[in-house]
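# Descriptive structure summary
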Amino acid sequence: MLVLITYDVSTETKEGRTRLRKVAKQCVNYGRRVQNSVFECELDAAKAREVKNILEKIIDAEHDSLRFYYLGNNYKNKVEHIGIKPSFDVNEPLIL
């Protein structure tokens with residue numbers, strides 16, 4: 001299923017900047033960055049729970065926020081892209 005992970009981490013302190021880097025690094029392990037704090041991740045239910053648990057342990061819930069949007073398997077009709085950074089299929093190979 002496609003899971004959209006978004007986050008807002010307070011960077012007013014050194015600890016906050018550290019948390020931001022850790023959250024971004026974990027999200028890169030599970031999906032592709034589509035905007036600064038937005039990742040599209042193709043995950044099964046177990047991986048979705050895994051990344052959620054990891055991220056919950058990193059953030060400070062009193063200063064930061066996480067959002068998980070579970071778009072399911074039929075997400076292609078639910079996502080529309082306009083503007084720069086063309087859309088991509090998260091299931092297609094990434095050629096570097």
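Higher on the page you've got the structure.
Figured I'd write up the structure that's included with this text. (Residues numbered from 1 in each chain as written. Predicted model: local features only at pLDDT ≥ 70, side-chain atom pairs only at ≥ 80, totals over all residues. Heavy atoms only, no water.)

### Description of the sheet that holds strand β3 (residues 38-42)
Each strand in a sheet pairs with its neighbour through backbone hydrogen bonds, running either in the same direction (parallel) or in the opposite one (antiparallel). Basically, it comes down to this: Strand pairing is defined by DSSP finding a minimum of two bridges between the two strands. A run of DSSP states H or I qualifies as a helix once it reaches four residues; a run of E qualifies as a strand once it reaches two. Both are numbered from the N-terminal end. Structural elements are reduced to axes, namely lines fitted to C-alpha atoms, with helices fitted over the stretch in contact, and the angle between N-to-C directions of any two is expressed from 0 to 180 degrees. Only heavy atoms enter the contact rule, under which two residues are in contact if any of them lie within 4.5 Å.
Taken in spatial order, the four strands of this open sheet run β2-β3-β1-β4, and their pairing is antiparallel. In the strand order of this sheet, the two ends are held by β2 (32-35) and β4 (65-72), each with one partner. The mean angle between the axes of side-by-side strands here comes to 25 degrees, regardless of whether they run parallel or antiparallel. Two strands pair when backbone bridges link them, and strand β1 (residues 2-8) and β3 are joined in this way by five bridges, in the antiparallel orientation. When the bridges of β3 are listed, L4 appears paired with E40. Contacting β1 and β4, helix α2 (residues 45-58) runs over the sheet at an angle of about 170 degrees to β4.

### Regarding the nonpolar core
As a reminder, the rule being used: Take the buried Ala, Val, Leu, Ile, Met, Phe, Trp, Tyr and Cys residues and link them wherever side-chain atoms come within 4.5 Å; each set so joined is a nonpolar core. The buried label goes to any residue with under 20% of its type's maximum accessible area, the exposed label to any with over 50%, and the partly exposed label to all in between, with areas taken from a 1.4 Å probe on protein chains only.
By size, the foremost hydrophobic cluster in this structure holds 18 residues, and its most contacted members are I5, Y7, V23, C27, L43 and L55. Mapped by element, the contributors of at least two residues to this core are β1, α1 (14-30), β3, α2 and β4. Look past the residues within four positions of C27 in its chain and what remains in contact with it is I5, Y7, F39 and L55.

### Here's the deal with the side chain of R19
For clarity, the threshold we go by: The term polar contact refers here to a pair of N or O atoms within 3.5 Å; inside protein, the definition further demands a hydrogen-donor-capable atom paired with an acceptor-capable atom, and it admits residues adjacent in sequence only when both atoms are side-chain atoms.
Mapped onto the fold, R19 is located in helix α1. A distance of 2.6 Å separates the side chain of R19 from the side chain of D64, its partner in a polar contact. Excluding residues within four positions of it along the chain, R19 makes contact with V9, S10, I58, I59, D60, H63 and D64.

### Focus: α2
To keep it simple, the criterion reads: Expected helix span is taken as 1.5 Å per residue step, with the number of steps being one fewer than the number of residues. Each direction from the helix axis to a C-beta atom contributes to the arc, which is the arc of those directions.
Helix length check: α2, at 14 residues, gives a terminal C-alpha distance of 20 Å against a target of 20 Å (1.5 Å per residue), a fit within 8%. Looking only at α2, the buried set comprises A48, V51, L55 and I58. The buried residues of α2 occupy an angular sector of 90 degrees when the element is viewed end-on, so they sit on one face. For α2, the exposed residues lying more than 90 degrees away from the buried face are R49 and K57. Looking at the buried positions of α2, the neighbouring elements they touch are β1, α1 and β4. Between the side-chain oxygen at the start of α2 and the backbone nitrogen of A46 there is a gap of 3.2 Å, and the oxygen is on D44.

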